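If you want the building blocks of each chain, they are given just below.
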Amino acid sequence: MNALNSLRAQALARWQALSPREQRGVSVLGALLSIVLFWSVAISPALNTLRDSDNRRSHISQQQAHMLVLKNQAHALQSRSPLSRDEALRNLQGLTPSAQIQLNVQGDRVAVQLKAVPAAALANWLTQARSQAQALPVEAHLTRSNATGAVSNPVAWEGSLVLSLPNRGAAAR
């Protein structure tokens, strides 16, 4: 406490030793430094937040729309009636006319062989297999192939998938 009092006394003595013009200059400089400090600590971050709010709002709106789509898909999957194994297998076979995708039924599972299947076609087929035949992928062994040679769709997949069919005891629609 004693050191603080001596520092305060020294500062007051220096202040009183300054001329009135120098005191005004130091006061103005102190006020300007206070304004700059206040700006950099309080005002500038708030303005940056305000500027970024439109981008954040847009991003959150996109996320919300995506979440609503996922919610609707989940409700659709939950509300569908279960298929029997045989009906699911018929639906799956009806989705697979291509020679690039071959099915081999093994009980409640289906082994799928893929030969140079374009990526978009495979994605579409898997989506339909899940929604229409209620078949779920259990195992996948895929390798990328450029066998199509087409510039518009250069990516194709080869390999095997194992899909799980609904249980045999599930009731048909």
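Residues numbered from 1 in each chain as written. Predicted model: local features only at pLDDT ≥ 70, side-chain atom pairs only at ≥ 80, totals over all residues. Heavy atoms only, no water.

A few words now on the overall build of the protein chain. When helices and strands are counted, the protein chain shows four helices and four strands. Scanning the protein chain from its N terminus toward the C terminus, one meets helices and strands in the order α-α-α-β-β-α-β-β. Scaling as 2.2 N^0.38, a compact globule of 173 residues should have a C-alpha radius of gyration of about 16 Å, whereas the protein chain reaches 36 Å, well beyond that. Dimensions of the protein chain, computed from the C-alpha atoms along their principal axes, are close to 100 × 45 × 35 Å. Scored against the burial criterion, the 173 residues of the protein chain give a buried share of 19%. (Helix = DSSP H or I, 4+ residues; strand = E, 2+ residues; numbered from the N terminus. Rg over C-alpha atoms; globule rule 2.2 N^0.38 Å. Buried < 20%, exposed > 50% of the residue type's maximum accessible area, 1.4 Å probe, protein only.)

For the rest of this paragraph, the subject is the sheet that holds strand S3 (residues 136–145). Pairing is antiparallel across the open sheet formed by four strands, whose spatial order is S1-S2-S4-S3. For this open sheet the edge positions go to strand S1 (101–106) and S3, each flanked by a neighbour on one side alone. Within the sheet, the average angular offset between the axes of one strand and its neighbour, ignoring direction, is 10°. For strand S2 (residues 109–118) and strand S4 (residues 156–164), the ladder comprises eight bridges, and the chain directions are antiparallel. Paired with Pro118 across the two strands is Ala156, which belongs to S4. Contacts from helix H3 (residues 85–94) reach S1, S2 and S4 within the one sheet, and its direction differs from that of S1 by about 165°. (Pairing = 2+ DSSP bridges. Axes fitted to C-alpha atoms, helices over the stretch in contact; angles between N-to-C directions. Contact = heavy atoms within 4.5 Å.)

Attention shifts here to the pairing of S1. Here S1 pairs with S2 via six bridges, running antiparallel. Bridge pairing in S2 links Ile101 to Leu114. The antiparallel pairing of S1 with S2 creates a hairpin that spans two residues between the two strands, and Gly107 there sits at a positive phi of about 70°.

Next up on the list: the pattern of salt bridges. A full pass over the atoms with the stated rule returns three salt bridges. Residues Asp108 and Arg85 are paired through a salt bridge, measuring 3.5 Å at the closest nitrogen-oxygen approach. Taken together, the positions of Asp108 in the loop between S1 and S2 and Arg85 in helix H3 put the pair 23 residues apart, joining distant regions of the chain. Classification of Arg85 by relative accessible area gives buried; the value is 10%. (Salt bridge = Lys/Arg side-chain N within 4 Å of Asp/Glu carboxyl O.)

Bringing unusual backbone geometry into the picture now. Glycine aside, the phi torsion of most residues is negative, and most peptide linkages are trans. Positive phi, normally seen in glycine, also occurs at Ala116, with a value near 50°. Relative to the assigned elements, Ala116 resides in strand S2. Looking at Ala116, the relative accessible area reads 15%, which means it is buried. Its identity as a non-glycine residue notwithstanding, Gln134 has a phi of 55°, on the positive side.

What follows concerns the confidence of the model for the protein chain. Per-chain confidence: the protein chain averages 88 in pLDDT, with 92% of residues scoring 70 or above. Between the elements of the protein chain, mean pLDDT differs from a low of 90, seen in H3, to a high of 94, seen in S4. (pLDDT = per-residue confidence, 0-100.)

On to the nonpolar core. For soluble globular proteins, nonpolar side chains are generally found buried alongside one another. Core analysis: the biggest nonpolar cluster contains 18 residues, and Leu92, Val112, Leu114, Trp125 and Leu165 have the highest contact counts within it. Sorting the residues of this core by element identifies H3, S2, helix H4 (119–132) and S4 as the ones contributing at least two each. Each residue touching Leu114, except ones within four places of it in the same chain, is listed here: Gln100, Ile101, Leu122, Leu142, Trp157, Glu158, Gly159 and Leu161. (Core = buried A, V, L, I, M, F, W, Y, C linked by side-chain atoms within 4.5 Å.)

With that settled, consider H4. A rise of 1.5 Å per residue sets the reference length of H4, with its 14 residues, at 20 Å; its end C-alpha atoms lie 20 Å apart and thus fit the reference within 8%. Contacts from the buried residues of H4 go to H3, S1, S2, S3 and S4. (Expected span 1.5 Å × (residues − 1).)

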